[in-house]
Amino acid sequence: MQAQSVSPVTDQHPVHPLRSKAKVLLCSVFGPYGLDDAHGSRTINPMELYHNQVTRAQGPFSLRMHHRSWGLMFIQANISAPCTLLDFPSRERFVQELSENRYDIVGISSIIPNTPKVAEMCKLIRAHQPGATIVVGGHISNVPDLKARIDADHVVRGEGIRWFRRYLGEDENQPIRHPHIWSAVSRRSMGVQMKVNATTGAATLVPSVGCPLGCNFCSTSAMFGGKGKSTHFYRTGDELFEIMCQLEREMKVHSFFVMDENFLLQRPRALRLLELMQKNDKAWSIYVFSSANVLKMYTMEQLVGLGVSWVWMGLEGEDSRYEKLKGHDSRELVRTLQANGICVLGSTIIGLENHTLDNIDDAIAYAVSHATEFHQFMLYTPIPGTPLHAELSAQGRILTDEEIAPEDVHGQYRFNYRHAHLPPGSEEKLVLKAFERDFEVNGPSVLRIVPTLLAGWRKYRDCGDARIRRRFKREVSGLSTTFAAAIWAARRWFKDNPIVLAKLETWQRELNREFPVMARLFAGLFGRYVLKMLNREVARLAAGWTLEPETFYEKNYEDPKQTTAGRVAELIRTAVATIKSPEPA
């Protein structure tokens, strides 16, 4: 069946004949995700955002975690049709689900490098459930000729909640129900598995989708309609505050990862949220994406009052053509944020138009000089659907699928176009050099947060606002214990790296000065344990171990098979079948 591209905003929107009675299966692409396989998975491109493109060269110190398929979770929470979510299945588990349960609609979410997996899943659906309608969405929808690559009925580009509501004959304009989403479902570093719970974790908060800035390389902006286009789920500070209170109450959290491309750009909403937090004595921590020019719209008092604890900020380069850094000293901005207890995840592009083999080392050194807690490095990549891809296509510089497979276009390996100055084959070495240089100079990202947290604590522990004092006390709670032990182990690990060792020794002294009893006690008692786990992790990595996410299977309705009565009935049916058809002697 030929794929049919359907816009979520067209007047001629299809409606499924069963409407809200249709049974829906939503699914992410199948694994494995961190190994080379016949369906497009790549060892170099695991489904781990941080390990893949932030702490890639940090070995056992790399931050390992997985994130759920948030878009699918939102769709499931916002339709009344019986819906099953199968997140991170194996191919065998996906086939099992198709074999054992009938569905009227099967929805798949994917990024572009996983196109071969989506094509395979469509074939499996046609084989096992020929009557099911196949709907495909996510970043893969940016591919202009996707309908020629996969056998799907509908390709949904952009926000999928409204599309599914219309497709099921439901009211598309009813309020958005925010699902309970942990920002990470597993977390690991230095060989130690870290718990994700109300104390250590954060709830994901999604106020809007799309990007109002629209850099020419941004696939998110392209997917949601281009520059300046975004869909707001919660437009006002009051709406947002209500949702955050709900998540706090039901998930017992005090921290929120705000999945919004430039949350602080909506200044009236942010300031109203601040007003409500002050009025209701909320000592929340929030982690946001923001550009430098937007951060400058706020005073430091406002940022601290909002609970901004982390900022993910683009640092494209001194000579880039992107306006969000124009007129701002990004290094000074980073230092100011850190002095106020705000950690920074910087993001730098390798392979901008002006990069050459002669100046790339300077570009890397400039990025590393920011000394951000974490630093993302990605290749300058024109994704289909973006203005950059259109620009380079017009110039005849985009490579064909025969020259580079779609599954290899993920920002860590090769350019999918002919760069004006950098020779083909040099890209992977250059981006890896950036990761390695950052690690060699600034040390492990998971420990760089120590001086920033200490700076915030020292500055605000005697603040006149009790709400702010409580937040900083909560955020430094692990410094005298977990971090003291981790730094003790790291000092032994980096004994041959004088640059990093000097930093670690300084951080250890500061912890001992601030927490003279606890820091020394935990360093001595548990530092050796962490060092032992570090060595074990090195052995695992050397043996080719990869971290794969667990499979999640969730329903938005009560499945008779899952009730006690249903399980008893199933046991009886199995026993009866066994009696009627005994095994041969």
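Residues numbered from 1 in each chain as written. Predicted model: local features only at pLDDT ≥ 70, side-chain atom pairs only at ≥ 80, totals over all residues. Heavy atoms only, no water.

(A) Structural context of the sheet that holds strand β17 (residues 374-379). Strands sit in the order β10-β13-β14-β15-β16-β17 across an open sheet of 6 strands; the sheet is parallel. With partners counted over all chains shown, the strands left at the sheet margins are β10 (203-205) and β17, one partner each. Averaged over all adjacent pairs, the angle separating strand axes in this sheet is 15°, with direction ignored. Direction of pairing for strand β15 (residues 308-314) relative to strand β16 (residues 343-350): parallel, over a ladder of 5 bridges. (Pairing = 2+ DSSP bridges. Helix = DSSP H or I, 4+ residues; strand = E, 2+ residues; numbered from the N terminus. Axes fitted to C-alpha atoms, helices over the stretch in contact; angles between N-to-C directions.)

(B) Looking closely at the environment of leucine 315. Here leucine 315 shows up in the loop between β15 and α11 (330-339). Counting along the chain gives 16 residues from leucine 315 to arginine 331, while the straight-line C-alpha distance between them is 9.4 Å.

(C) A look at the packing of helix α7 (residues 237-251) against helix α8 (residues 267-279). Where α7 meets α8, the closest approach of the two axes is 8 Å, and the angle between their N-to-C directions is 50°. Relative to α8, the element α7 is oriented oblique. The interaxial crossing formed by α7 with α8 has right-handed handedness. Counted together, Gly237, Asp238, Leu240, Phe241 and Met244 of α7 and Arg269, Arg272, Leu273, Leu276 and Met277 of α8 form the full contact between these two elements. Grouping the amino acids of the contact of α7 with α8 by side-chain chemistry returns 6 nonpolar, 1 polar and 3 charged. (Parallel < 35°, antiparallel > 145°, perpendicular 65-115°, else oblique. Left-handed = near helix turned anticlockwise from the far one by under 90°. Contact = heavy atoms within 4.5 Å. Nonpolar A, V, L, I, M, F, W, Y, C, P; charged D, E, K, R; others polar.)

(D) Broad picture of helix α17 (residues 479-493). Taking 1.5 Å per residue, 15 residues should reach 21 Å; α17 reaches 19 Å between its end C-alpha atoms and fits that length. Within α17, 11 of the 15 residues are buried, which leaves the element mostly enclosed by the surrounding structure. By the burial criterion, the buried members of α17 are Leu479, Ser480, Thr481, Phe483, Ala484, Ala485, Ala486, Ile487, Trp488, Ala489 and Ala490. Lining the buried residues of α17 we find α15 (445-460), α18 (498-514) and α19 (518-542). (Expected span 1.5 Å × (residues − 1). Buried < 20%, exposed > 50% of the residue type's maximum accessible area, 1.4 Å probe, protein only.)

(E) How the structure looks around the environment of cysteine 83. For cysteine 83, the location among the structural elements is in strand β4 (residues 83-87). Judged by relative accessible area, which is 0%, cysteine 83 ranks as buried. Put simply, cysteine 83 and isoleucine 105 are 22 residues apart on the chain and 9.3 Å apart in space, counted from C-alpha to C-alpha. In this view, cysteine 83 contacts Val24, Leu26, Gln76, Glu554, Lys555, Asn556 and Tyr557; residues no more than four positions away in its chain are not counted.

(F) Focus on the confidence of the model for the protein chain. Per-residue confidence for the protein chain gives a mean pLDDT of 90; residues scoring 70 or more make up 91%. pLDDT under 50 marks residues 577-585. Its contacts with residues more than four places away, or in other chains, come to 0 contacts. (pLDDT = per-residue confidence, 0-100.)

(G) Broad picture of the sheet that holds strand β9 (residues 192-194). Taken in spatial order, the 3 strands line up as β3-β8-β9 in an open sheet, and their pairing is antiparallel. Bordering the open sheet on either side are β3 (64-66) and β9, each of which pairs with just one other strand. Looking at each pair of strands side by side, their axes are set apart by 20° on average, direction ignored. Note: strand β8 (residues 186-189) against β9, 3 bridges, orientation antiparallel. When the bridges of β9 are listed, arginine 187 appears paired with methionine 194.

(H) How the structure looks around the nonpolar core. In this structure, Phe164 and Leu264 are the most contacted members of the largest nonpolar core, which totals 113 residues. Per-element tally for this core: the top contributor is α17, with 9 residues. Ignoring any residue separated from it by four or fewer positions in sequence, one finds leucine 264 in contact with Ala270, Val288, Ser290, Val294, Leu295, Met297, Tyr298, Leu303 and Leu306. Membership of the second largest hydrophobic core comes to 31 residues, among which are Leu25, Val95, Ile140 and Val155. (Core = buried A, V, L, I, M, F, W, Y, C linked by side-chain atoms within 4.5 Å.)

(I) Quick peek at α18. Helix length check: α18, at 17 residues, gives a terminal C-alpha distance of 24 Å against a target of 24 Å (1.5 Å per residue), a fit within 8%. Every buried residue of α18 is accounted for by Val500, Leu501, Leu504, Trp507, Gln508, Glu510, Leu511, Asn512 and Glu514. Each element contacted by the buried residues of α18 is listed here: α14 (427-442), α15, α17 and α19. For α18, the N-terminal capping position is held by asparagine 497, with its side-chain oxygen 3.2 Å away from the main-chain nitrogen of isoleucine 499. (Polar contact = N/O pair within 3.5 Å; in protein donor to acceptor, adjacent residues only side chain to side chain.)

(J) Summary view of the side chain of serine 186. Along the chain, serine 186 turns up in strand β8. The buried category is assigned to serine 186, whose relative accessible area is 16%. For serine 186, the side chain forms a polar contact with the side chain of histidine 66, separated by 3.2 Å. Setting aside chain neighbours within four positions, we find serine 186 in contact with Arg64, Met65, His66, Gln193 and Val196.

(K) The packing of aromatic side chains, seen in detail. Applying the stated criterion across every chain, the model contains 23 aromatic pairs. Pairing tyrosine 33 with phenylalanine 88 gives two aromatic rings, centres 6.0 Å apart and planes at 75°, and the pair type is edge-to-face. Within this pair, whereas tyrosine 33 is found in the loop between β2 (24-28) and α1 (49-53), its partner phenylalanine 88 is found in the loop between β4 and α3 (91-100), the two being separated by 55 residues in sequence. With respect to burial, tyrosine 33 and phenylalanine 88 carry one shared label: buried. Ring geometry for phenylalanine 217 versus tyrosine 380: centroids 6.1 Å apart, planes at 65°, classification edge-to-face. Of this pair, phenylalanine 217 sits in the loop between β11 (208-211) and α6 (219-223) while tyrosine 380 sits in the loop between β17 and α13 (387-394), and the two are 163 residues apart along the sequence. A relative accessible area of 3% places tyrosine 380 in the buried class. Residue placement shows lysine 23 over the ring face of tyrosine 103; its charged tip is 5.4 Å from the ring centre. Over the ring of phenylalanine 552 we find arginine 68; its NZ or CZ atom is 4.1 Å from the centre of that ring. (Phe/Tyr/Trp six-rings, centres within 6.5 Å; stacked < 30°, edge-to-face > 60°. Lys NZ or Arg CZ within 6 Å of the ring centre and 35° of its normal.)

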